[in-house]
Amino acid sequence: MGRIAVGDTIPDGTLSYADEAHQIVNVSLHSLAAGKQVILVGVPGAFTPGCSLKHVPGFIEKAEELKSKGISEIFVLSVNDPYVMKGWAKSYPENKHLKFFSDSSAAYIKSLGLELDVPDKGSGIRSERFALLLDDLKVKVANVETGGQLKVSTAEDMLKAL
């Protein structure tokens, strides 16, 4: 399969998170998103400047507004381990709505065709920066950035699309 696109049904895949007891929990994306309007935000890395200072805070700030327009869930996905994602989520005490998930092997990101190889930055395979609007597993909006920019995948872009 090539890159995920508008009109596609998003493939199922396993995402992970670390619960309060520090146990790894694996969940199916389909079980989380079926029958709902969901935004899936992909970021190159937890704690990286663009992701931590701009991209994710924008979704935290606009979460109530997004939910008022019918969004059930906002998921943040990165190729980091579940413990890093848990630590990153805790770095946003004001967050009430975003859920952070790990795709530590990049298997799910690859199934979307959204992997990014950045060996020159010491990172290896990461996720492209993106925001997908899913409606009952169908891709309604696929905003994928190029060259590490933050121009089309912001919370404001998602609000405009709703």
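Structure: see above.
As a starting point, this report considers the structure included with it. (Residues numbered from 1 in each chain as written. Predicted model: local features only at pLDDT ≥ 70, side-chain atom pairs only at ≥ 80, totals over all residues. Heavy atoms only, no water.)

Examining the overall build of the protein chain
Point 1. When you go through the protein chain residue by residue, the secondary structure sums to five helices and nine strands.
Point 2. Helices and strands appear in the protein chain in the N-to-C order β-β-α-β-α-β-α-β-α-β-β-β-β-α.
Point 3. By the compact-globule yardstick of 15 Å for 162 residues, the protein chain fits well, its C-alpha radius of gyration being 14 Å.
Point 4. Taken along its principal axes, the extent of the C-alpha atoms in the protein chain is 35 × 35 × 30 Å.
Point 5. Of all 162 residues assigned to the protein chain, the portion counted as buried reaches 47%.
Point 6. A separation of at least 24 residues holds for 64% of the contacts in the protein chain among residues at least 6 apart in sequence.
Point 7. Positive and negative side-chain charges of the protein chain, numbering 18 and 20 respectively, have mean locations separated by a distance of 3 Å. (Helix = DSSP H or I, 4+ residues; strand = E, 2+ residues; numbered from the N terminus. Rg over C-alpha atoms; globule rule 2.2 N^0.38 Å. Buried < 20%, exposed > 50% of the residue type's maximum accessible area, 1.4 Å probe, protein only. Contact = heavy atoms within 4.5 Å. Lys, Arg positive; Asp, Glu negative; His and termini not counted. Charge placed at Lys NZ, Arg CZ, Asp CG, Glu CD.)

Some thoughts on the layout of surface pockets
Point 1. There is about 280 Å³ of room inside the second largest pocket.
Point 2. Lining the second largest pocket are 17 residues, with Ala89, Asn95, Leu98, Lys99 and Phe100 positioned closest to its centre.
Point 3. Elements with a minimum of two residues in the lining of the second largest pocket: strand E1 (14–18), helix H3 (82–90) and strand E5 (98–102).
Point 4. Take the lining of the second largest pocket: its biggest share by element is five residues, from H3.
Point 5. Considered class by class, the residues forming the lining of the second largest pocket number 10 nonpolar, three polar and four charged. (1 Å grid on protein atoms, 1.4 Å probe; cavity = no way out; pocket = protein on both sides within 12 Å on 5 of 7 lines; lining within 4 Å. Points joined across faces, edges and corners; volume = space filled by probe spheres on them. Nonpolar A, V, L, I, M, F, W, Y, C, P; charged D, E, K, R; others polar.)

Concerning the side chain of Lys86
Point 1. You can see Lys86 is positioned in helix H3.
Point 2. Despite its burial, Lys86 pairs with no opposite charge; the closest candidate is Glu20, at 4.4 Å N-O.
Point 3. Ignoring sequence-local partners within four residues, the contact set of Lys86 consists of Ala18, Asp19, Glu20 and His22. (Salt bridge = Lys/Arg side-chain N within 4 Å of Asp/Glu carboxyl O.)

Some details on the pattern of salt bridges
Point 1. With the rule as written, the count across this model stands at four salt bridges.
Point 2. As a salt-bridge pair, Lys90 and Glu20 come within 3.8 Å of each other at their nearest N and O atoms. Here Glu20 lies in the loop between E1 and strand E2 (24–28) and Lys90 lies in helix H3, a separation of 70 residues in the sequence.
Point 3. Relative accessible area serves as the criterion here: at 52%, Lys90 is assigned to the exposed category.
Point 4. Across the salt bridge formed by Glu73 and Lys36, the nearest N and O atoms sit 3.7 Å from each other. Note that Glu73 is positioned in strand E4 (residues 73–78) and Lys36 in the loop between helix H1 (29–33) and strand E3 (37–43), a separation of 37 residues in sequence.
Point 5. Note on Glu73: relative accessible area 13%, which makes it buried.
Point 6. One salt-bridge network, held together by shared partners, links Lys36, Glu73 and Lys99.

Side note on unusual backbone geometry
Outside of glycine, negative phi angles account for most residues, and trans bonds account for most peptide bonds.
Point 1. Of note, His22 is a non-glycine position whose phi angle comes to about 65°, a positive value.
Point 2. Along the chain, the position of His22 falls in the loop between E1 and E2.
Point 3. For His22, a relative accessible area of 48% translates into the label partly exposed.
Point 4. Phi at Asp136 takes a positive value of approximately 50°, unusual for a residue other than glycine.
Point 5. Mapped onto the secondary structure, Asp136 falls in the loop between strand E8 (130–135) and strand E9 (138–144).
Point 6. Asp136 sits in the partly exposed class, given a relative accessible area of 44%.

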